[in-house]
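Each chain, written out:
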There are 2 protein chains.
Amino acid sequence: MKFTIQKSQLNESIQHVSKAISSRTTIPILTGIKLEANAAGLTLTASDTDISIQAFVPSELDGQTIISVERTGSVVVPAKFFVDIVRKLPSNEVHMEVVDNFKIGIQSGSTEIQLAGLDPEEYPLLPRLAENQTLSMPSEVLRSMIRQVSFAVSANEATPVLTGVLWSLERGTLKFVATDRHRLASIERPIDCPPDLKFHNIVISGKNLNELNKILPEQNTLIDIVVADNQVLFRTGNVLFFSRILDGTYPDTSKIIPQTYKTEAVFAAKPLADAIDRAYLLSREEKTNIVRLTTADDEKSVEISSSSSELGRVTEQLPVERLTGEPLKISFNSKYILDVLKVTDDESMWIGFTGAMSPMILRPANEQGVLHLILPYRTTN
Amino acid sequence: MKFTIQKSQLNESIQHVSKAISSRTTIPILTGIKLEANAAGLTLTASDTDISIQAFVPSELDGQTIISVERTGSVVVPAKFFVDIVRKLPSNEVHMEVVDNFKIGIQSGSTEIQLAGLDPEEYPLLPRLAENQTLSMPSEVLRSMIRQVSFAVSANEATPVLTGVLWSLERGTLKFVATDRHRLASIERPIDCPPDLKFHNIVISGKNLNELNKILPEQNTLIDIVVADNQVLFRTGNVLFFSRILDGTYPDTSKIIPQTYKTEAVFAAKPLADAIDRAYLLSREEKTNIVRLTTADDEKSVEISSSSSELGRVTEQLPVERLTGEPLKISFNSKYILDVLKVTDDESMWIGFTGAMSPMILRPANEQGVLHLILPYRTTN
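Residues numbered from 1 in each chain as written. Chains lettered and ligands numbered in written order. Predicted model: local features only at pLDDT ≥ 70, side-chain atom pairs only at ≥ 80, totals over all residues.

(A) Structural view of the overall build of chain A. Scanning chain A from terminus to terminus reveals 6 helices and 28 strands. Counting only C-alpha atoms, chain A reaches 80 × 55 × 40 Å along its principal axes. Within chain A, the fraction of its 381 residues that count as buried is 40%. Taking all contacts inside chain A whose residues are at least 6 apart in sequence as the whole, residues at least 24 apart take part in 67%. (Helix = DSSP H or I, 4+ residues; strand = E, 2+ residues; numbered from the N terminus. Buried ≥ 20, exposed ≤ 12 C-beta atoms within 10 Å, placed from the backbone. Contact = placed C-beta atoms within 7 Å.)

In structure tokens, the structure reads:
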């Protein structure tokens, strides 16, 4: 293998694949990045067995030579050092060459580096996915769907399936659900796909989706998604992102969503977030995060409050845009509501209550298809 | 105590004093901030016994009322919650009142807070320093002097005096020295002060000086410095910063500074830093940080190199602006040189060598009064 490459392009691809490198892997070959050079360009691969990322640097881009390959071949380079050093090479022109025994020579400006590489034959092959279940969606829709639900996955590895986001597709609607048993987030969006394409019980680690979100382009790009038996592939431009599908059956959450409400309120989202945040500050000191909401008799405001046995009490009158139904006193983990408000771009938030001991539902008032459920904190007073 | 205050001004003073609050203090009263309101304004005090900071909010500023005091008095507020909540209060007008038993009421917009305060009589008094040893210097000179040396203090608490910066003043020259026994940094600057004012063996914790640097104004402001028996006071505008003086006698470092050199070189600072940084990246993997410098026979360049038994080798030819004296091979901890180059604004760096096993001296080529000493790494090859 011998080639000359533009540092900026090499660096961009390294940044993409480096998100799949785990420093804690027990498989030595996976501490490396696999490089494969051929006439078409350079392919970089990294994997931590849970996610695998492949990035391709084409030999030409917009008529400009990005990489000129003198001798095809492949090698595995030590990832940590390679990621750091390429960024700091002195010239934008980088020469790489593999000599005997996977020894790698890198030259840029007056810097010369000799590196011990590893045998590329030892590097695990990426799965080949049958492309019969493929859909395409705009990057920004996928990004926003992930953002709306991924914070609600469980952090508890004891039930692995709950650390993932449930994907289902039916009649052209893609739906994501995440829950940690205390709260649930879901979003559905219409997708342009063949009407008979459907899947269910596809569960993808929330952590992996957050990593995916970091490399998804922000602007309007179509992302191809290939769903296979135990892997999902996301394809964007010259980057492939493979994620394992989590084993296990995701619980049926449809029955816990209430259909009728005893009390309904609409709040301006920002003042609601600010008021809960102030009450949260005090309850945080108690390590409970419990905040209480009490409706006022005039149906024009609610009281947001919290108290700490040591420190004191925060009380606040918060105007509502609309308030109907039964009077209510409810206590909840304020972090859960703040998490929802953090990902909400809508200016108004509708909240439906089914009683002090029953789930509350939050929906952005002007946006279809988004639903957040939060279980109240059961207090005795 | 009862007053109304502008949130922005209160917040600014809280940010200043909060740097003296330790979350790990074993003295309950020191988890708080002491507030004292009188006709002149509001004084805030925080202390972790090592440093104490006092900030004053005047009742009027530029003809504008900042605080109107209805009832003078004082109280100690729980610092952590107070710092966070004031920043997030909904209105710029904040009412505070102390009622029975040090209970504090805070009101801003529709937010009402009741807080359990503490008895201000329990709060330790700040030292009163005799002002016979006072000097004034421009803020930016003090900031830059601290920055030039504080990184070189020892992190080892076993020799407390070396965790500090040695201050001495004689014949109108203020000098700072810091050393951790492997390297030394020193800077001296002429100061406008009475010619007979002098002190020596004043040692101030490097950590404290870094905290001070965070509140020193960047622009041209005079800082008053009062040196007393066991405390130093820095006064800037409405903020007082007290630091304890470290016990112990600082070692005499004057004898280890070489007076003659066997090899001298002048480098462009940025390319030198970049080349050492690349070599450092590899040596970091070995956890030694050792980089070697070898002069070339043509006296026009040096070779910067490092090697790792597992990974390989980085080699680089670096042009010199000037190189005179004996040929040289020297190994050193590259972190030490990178630390020096990080605080150097000069475009050129002069380095004087006294042999492979003896100290090397770095001086910004166009700046007087700055000196860095680094002991080489003693290798056998």
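(B) Highlighting helix H3 (residues 139-149) of chain A. Restricting attention to buried positions, one finds in H3 of chain A the residues Leu142, Met145, Ile146, Gln148 and Val149 of chain A. With its buried residues spanning 160° around the axis, H3 of chain A presents them on a single face. (Arc of directions from axis to C-beta.)

(C) Structural view of the domain arrangement of chain A. Residues and elements named next belong to chain A. Split into domains, chain A comes out as domain 1 (2-122), domain 2 (136-254) and domain 3 (258-374). With 10 residues of domain 1 at the interface, the matching set in domain 2 holds 12 residues. Broken down by element, the side of domain 1 that touches domain 2 gets its largest block of residues, 7 residues, from strand S4 (residues 51-58). Broken down by class, the residue content of the side of domain 1 that touches domain 2 amounts to 5 nonpolar, 3 polar and 2 charged. (Domains from an automatic or database assignment. Nonpolar A, V, L, I, M, F, W, Y, C, P; charged D, E, K, R; others polar.)

(D) Broad picture of unusual backbone geometry. Look at Arg171 of chain A: it is not a glycine, yet its phi comes out positive at around 45°. Relative to the helices and strands, Arg171 of chain A resides in the loop between strand S13 (164-170) and strand S14 (173-179). A positive phi angle, near 60°, is found at Asn101 of chain B, a position not held by glycine. Along the polypeptide, Asn101 of chain B turns up in the loop between strand S9 (93-98) and strand S10 (103-108).

(E) Structural detail: the confidence of the model for chain A. Residues of chain A with pLDDT of at least 70 account for 99%, and the chain-wide mean is 95. Of the two predicted TM-score estimates for the complex, the pTM is 0.91 and the ipTM is 0.89. (pLDDT = per-residue confidence, 0-100.)

(F) The arrangement of the sheet that holds strand S15 (residues 183-190) of chain B in detail. Residue and element names in this part refer to chain B. A sheet is described by the order of its strands in space; here 9 strands give the open sequence S16-S13-S14-S15-S28-S27-S26-S20-S24, paired in antiparallel fashion. Because the sheet does not close on itself, it has two edges, and the strands there are strand S16 (199-205) and strand S24 (322-325). Here the average twist between neighbouring strands, direction ignored, is 15°. As paired elements, strand S20 (residues 263-268) and S24 share 4 bridges and run antiparallel to each other. Across the sheet, residue Glu264 finds its bridge partner in S24, namely Thr324. Each of S20 and strand S26 (348-353) is contacted by helix H5 (residues 269-285), which is oriented at about 95° to S20, the strand it contacts most. Against the sheet, helix H6 (residues 334-342) makes contact with S15, S26, strand S27 (360-364) and strand S28 (370-374), and its axis sits at roughly 170° relative to S28, the strand it touches most. (Pairing = 2+ DSSP bridges. Axes fitted to C-alpha atoms, helices over the stretch in contact; angles between N-to-C directions.)

(G) Expanded view of the relation of the copies chain A and chain B. Each copy of the sequence occupies a distinct position, and chain A is placed on chain B by a rotation of 180° and an axial shift of 0.0 Å, giving an RMSD of 0.0 Å. The symmetry that links the two subunits is that of a two-fold axis. Same-surface contact between copies: 100% of interface residues of chain A are shared with the interface of chain B. (Least-squares fit on C-alpha atoms with pLDDT ≥ 70 in both.)

(H) Geometry of the packing of helix H5 (residues 269-285) of chain A against helix H2 (residues 79-87) of chain B. Where H5 of chain A meets H2 of chain B, the closest approach of the two axes is 10 Å, and the angle between their N-to-C directions is 170°. The angle between H5 of chain A and H2 of chain B falls in the class roughly antiparallel. Here Arg278, Leu281, Leu282 and Glu285 of chain A of H5 of chain A lie close against H2 of chain B, whose contacting residues are Phe81, Asp84 and Ile85 of chain B. For the contact of H5 of chain A with H2 of chain B, the class distribution of residues is 4 nonpolar, no polar and 3 charged. (Parallel < 35°, antiparallel > 145°, perpendicular 65-115°, else oblique.)

(I) The interface of chain A and chain B, seen in detail. Chain A puts 27 residues into the contact, and the matching count from chain B is 27 residues. Only helix H2 (79-87), strand S11 (111-116), H5 and strand S23 (312-319) of chain A provide two or more residues apiece to the side of chain A that touches chain B. The residue makeup of the side of chain A that touches chain B, split by class, is 11 nonpolar, 6 polar and 10 charged. Pairing analysis gives 5 bridges linking S11 of chain A to strand S23 (residues 312-319) of chain B, with the strands arranged antiparallel.

(J) Spotlight on the sheet that holds strand S18 (residues 231-236) of chain A. All names here are of chain A. Across the sheet, 8 strands lie side by side as S8-S2-S3-S4-S19-S18-S17-S12; this open sheet has antiparallel pairing. Sheet topology places strand S8 (73-78) and strand S12 (134-138) at the edges, where each strand pairs with a single neighbour. Geometrically, the sheet is characterised by an average inter-axis angle of 20° between neighbouring strands, direction not taken into account. Here S4 runs beside strand S19 (residues 239-244); their pairing, made up of 5 bridges, is antiparallel.

(K) Expanded view of the environment of Glu303 of chain B. All names here are of chain B. Turning to its location among the elements, Glu303 is positioned in strand S22 (residues 301-308). A count of 17 C-beta atoms within 10 Å places Glu303 in the partly exposed class. With 174 residues separating them along the chain, Glu303 and Leu129 place their C-alpha atoms 54 Å apart. In this view, Glu303 contacts Thr294, Ala296, Thr315, Glu316 and Gln317; residues no more than four positions away in its chain are not counted.

(L) Representation of helix H1 (residues 7-17) of chain B within the structure. Looking only at H1 of chain B, the buried set comprises Gln9, Leu10, Ser13, Ile14, His16 and Val17 of chain B. The buried residues of H1 of chain B occupy an angular sector of 160° when projected down its axis, which confines them to one face.

(M) Region of interest: the nonpolar core. Formed by 202 residues in total, the largest nonpolar core has its most connected members in Val149 and Val165 of chain A together with Val149 and Val165 of chain B. Apart from the residues within four sequence positions on either side, Val165 of chain B is in contact with Val149, Ser150, Val153, Phe176, Ala178, Val203, Ile204, Gly206 and Leu209 of chain B. (Core = buried A, V, L, I, M, F, W, Y, C linked by C-beta atoms within 7 Å.)

(N) Local environment of the pairing of strand S14 (residues 173-179) of chain B. Residue and element names in this part refer to chain B. With 5 of 7 residues buried, S14 lies mostly within the body of the structure. Across 5 bridges, strand S13 (residues 164-170) lies against S14 in antiparallel orientation. Each residue of the ladder has a partner; that of Leu166, found in S14, is Val177. Connecting S13 to the antiparallel partner S14 that follows it, the hairpin turn spans 2 residues, and Arg171 within it adopts a positive phi of roughly 45°. Hairpin connection between S14 and S15: a loop of 3 residues separates the two successive antiparallel strands, and Arg181 in this loop has a positive phi of roughly 80°.

(O) Spatial organisation of the environment of Val370 of chain B. Residues and elements named next belong to chain B. Tracing the backbone shows Val370 in strand S28. Counting along the chain gives 45 residues from Val370 to Gly325, while the straight-line C-alpha distance between them is 23 Å. Excluding residues within four positions of it along the chain, Val370 makes contact with Gln148, Ile187, Arg363 and Pro364.

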